[in-house]
Amino acid sequence: MEISRGSLPGGQPDADHATTGFESEHHALPGFEAVARLATHALDVPLVALLLGDGSAFWYATPGLQDALPLDDALLAACRGIARHGVAETVCDAREDARFLPAGANPAHATVGFFACEPVFGLDGQRLGALFVFDRRPRLALASAAQAALRDAAALAGTGAALRSYLSRIDPSTRLPHRGAFFADLGAQLAHGSGTAWLATIETAPVARFNAFVRAMGHAYADALVRATAERVQAWTTPGMQLYMVAPTRLAVLLPSAHGAPAPVQLDALVAALREPVDCLGVALSLQPGVGLLEVEAHELRGGDPLRRAMNASWIAMGTPSGWAVYNRSDDERQRQEFFLVTELAAALSDGTELELHYQPRVELESNRCVALEALARWRHPTLGPVSPSTFVPLAEQAGLIRTLTDWVFDHGLAQLAAWQREGIDVRLSLNVSSIDLDSALASRLAAAAVRHGVPLNRLELEFTEGTAIYHNELTRSTLVALREAGVGIAIDDFGIGYSNLDALRHMPASSLKIDQSLVRGLGTRRHDAAIVRAMVALGHELGFRVVMEGVETAGVLAAVRDMECDEVQGYHIAMPMRGAEIADWLRQQAIHDEASC
Ligand code: C2E
Ligand code: MG
Ligand code: MG
């Protein structure tokens, strides 16, 4: 039998529940079984049905009697028709009632002998549907006590229906309307209002962080946190704005049709309120909120995914000083592209064929010899072409892929170093490492790769950026010390663009300082750069580091750095990064060139 929504006898939820095109949740009718059971006892009937105007139908049959009862499409259609009129009715002999008996059917085969119904009203007196009782055999009219019992049952069913419609919109932990309600209301507003609507979404905490709260403090804390945030947003709203809980850490506000975009000053006030530390269950916490704004047009509702787009703006807003941002298609495209790249990078890492290492020589100025090669990761995507490491390394860091990338670099770089050693090429290999790699496992990861490829650790150097190297904690320091003790060189990369704490620099267990190319490139053209770089070289030497100049692009810059007595140079003027197989040739040509110039 086809029932559009509701429960089948025995309390089974109906599988065929109509969808609206928006996300909706099915809720059973609270208390229906109890009401129906009472009605079967009070009226001595085997079957009770509740039909509501939204198309849902709920059935209850006395256990053991289901099979003998006429649950079919014809009965459902007949009840729908009666429920629409919404008047109380009792038919003592329904065998010849045309509503239950299809045209031409024999009354001897009638399945309904008796029925009575009472209209069901909601809490505001609005008619919601009707409650029915059935019997197979004709009966006498209901006694007044039975009639009163049917009325009471209908009143209780109305309360249950009101509760169900409340529950179908409300998130139980925050008691705010949920995502299904948001889409229903947005749809209604777009259909009946001006055809566009503004919405604001509020990201309270990244999901990973939220999950960390739950792990550390339990669900009660997380619920209290979301409630506290929701209260602040609620306090910010003005009449006509509706607040929704659209995901565990996300709220949305639907602005009334005539409202337009909220003013910057209003948004600043919302962000300021959300940035105030939240004290929940006695634990104070500061959130990093992001408020995203989007104007939706009616035609974008289906397939346009307005919530996703608004959330994209709030995600971007989280990282901005203002904490709010209006949706921007190009940011969205960029994020989608990043997501695409991350999945592609994960595939490239497991496949390995699209990744390659290039090597850029580092030349010692005193001897004019190549003393080290820096391994630089290269990724050639089959359709996008080359993707720069400045793009994919940060993505790998964000997506939890950086250790896999670093291990891949260790493995391939050390295999290449072993091959050069077999050819008699004696160089050190310098490998870039992310701050995320910097933990107690790093030394053993590198040592394992060195053993696998048979290369000594003292031919290796790890490059960390200035921020990583200087500001990390005691654990970082002890990791770096362990590496140094094993003979691994440590280079502070891109030095000079961060804000180094010189005292921390003094205590760094590093062996080289690589001065950032942005400072080096300007030598000879920008007046102050020379003074700054000269001071850095002196400082590096004073602290016992070898000083390497990155970004030596021209002969003029090379002359300038030679003058500064730095130790090594690296840059396009010396050599471009190249494939491992090209290094031997390059070294040979260098040697010929050196001999010629002697
Ligand atoms: P970096 O470690 O500072 O590497 C030097 C970058 O400068 C390289 O860019 C190199 O190609 C480029 N370069 C070298 N000489 C010159 C020059 O004379 N002028 C200019 N303008 N640039 C020069 P690349 O290969 O694009 O790498 C960019 C950054 O990506 C690297 O900066 C490093 O931070 C990161 N990276 C590269 N490979 C890896 C890797 O395997 N692991 C990690 N964690 N990071 C990597
Ligand atoms: Mg580097
Ligand atoms: Mg660098």
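All values reported here derive from a predicted model rather than from experimental measurement. (Residues numbered from 1 in each chain as written. Chains lettered and ligands numbered in written order. Predicted model: local features only at pLDDT ≥ 70, side-chain atom pairs only at ≥ 80, totals over all residues. Heavy atoms only, no water.)

### Thoughts on the coordination of the magnesium ion (ligand 3)
Every protein donor of the magnesium ion (ligand 3) is accounted for by Asp493 (OD), Asp494 (OD), Glu550 (OE) and Glu550 (OE), and the metal-donor separations fall at 2.0 to 2.6 Å. In the primary structure, the donors to the magnesium ion (ligand 3) are separated according to the pattern D-D-x55-E. A separation of 4.0 Å is found between the magnesium ion (ligand 3) and the magnesium ion (ligand 2), which are bridged by aspartate 493. A residue pair is termed long-range when its members are at least 10 positions apart, and aspartate 494 in strand β22 (residues 489-495) and glutamate 550 in the loop between β24 (546-549) and α19 (555-563) qualify at 56 residues. Owing to a relative accessible area of 23%, aspartate 494 belongs among the partly exposed residues under this scheme. (Donors = N, O, S within 2.8 Å, 3.2 Å for Na, K, Ca; no water. Helix = DSSP H or I, 4+ residues; strand = E, 2+ residues; numbered from the N terminus. Buried < 20%, exposed > 50% of the residue type's maximum accessible area, 1.4 Å probe, protein only.)

### Points about the pattern of salt bridges
In this structure the tally under the stated criterion is 28 salt bridges. A salt bridge links aspartate 439 to arginine 403; the nearest nitrogen and oxygen atoms lie 2.8 Å apart. Of this pair, aspartate 439 sits in the loop between β20 (428-432) and α13 (442-453) while arginine 403 is found in helix α12 (residues 402-422), placing the two residues 36 residues apart along the sequence. Since its relative accessible area comes to 17%, aspartate 439 is described here as buried. Here arginine 403 falls in the partly exposed class, since its relative accessible area comes to 33%. Where salt bridges share partners, they join Arg362, Glu364, Glu374, Glu461, Glu463, Lys514, Arg546, Glu550 and Glu568 into one cluster. (Salt bridge = Lys/Arg side-chain N within 4 Å of Asp/Glu carboxyl O.)

### Focus: the confidence of the model for the protein
Chain-level statistics for the protein give a pLDDT mean of 86 and a share of 92% at 70 or above. Long-range and interchain partners of residues 1-26, a stretch whose pLDDT sits below 50, account for 63 contacts in this model, where long-range means more than four residues apart. (pLDDT = per-residue confidence, 0-100. Contact = heavy atoms within 4.5 Å.)

### Let's talk about the coordination of the magnesium ion (ligand 2)
Around the magnesium ion (ligand 2), the protein contributes the donor atoms Glu374 (OE), Asn432 (OD1), Glu463 (OE) and Asp493 (OD), at 2.0 to 2.2 Å from the metal centre. The motif formed by the donor residues of the magnesium ion (ligand 2), counted along the single chain, is E-x57-N-x30-E-x29-D. Owing to a relative accessible area of 4%, glutamate 374 belongs among the buried residues under this scheme. Using a relative accessible area of 1% as the deciding quantity, one classes glutamate 463 as buried.

### Details of the pairing of strand β6 (residues 114-121)
Of all eight residues making up β6, seven are buried, and the element is well covered by its neighbours. Pairing of strand β5 (residues 89-91) with β6 involves three bridges; the strand directions are antiparallel. In the strand pairing of β6, glutamate 89 is matched with cysteine 117. In this sheet, strand β7 (residues 127-135) lies alongside β6 in antiparallel orientation, the contact comprising eight bridges. Paired with phenylalanine 121 across the strands is arginine 127, a residue of β7. (Pairing = 2+ DSSP bridges.)

### As for the site of ligand 1
Lining the immediate environment of ligand 1, one finds 24 residues, of which Arg378, Asp493, Gln517, Glu553 and Tyr572 sit closest. For ligand 1, whose free accessible area comes to 790 Å², the fraction covered by protein is 85%. Cavity membership is defined here by more than half of the atoms lying within 2 Å of grid points; on that basis ligand 1 lies in the largest pocket. The element best represented in the shell around ligand 1 is strand β18 (residues 369-381), accounting for four residues. Classifying every residue of the shell around ligand 1 gives nine nonpolar, seven polar and eight charged. (Near = heavy atom within 4 Å. Areas by Shrake-Rupley, 256 points an atom, 1.4 Å probe, with all protein chains shown as cover. 1 Å grid on protein atoms, 1.4 Å probe; cavity = no way out; pocket = protein on both sides within 12 Å on 5 of 7 lines; lining within 4 Å. Sits in = over half its atoms within 2 Å of the grid points. Nonpolar A, V, L, I, M, F, W, Y, C, P; charged D, E, K, R; others polar.)

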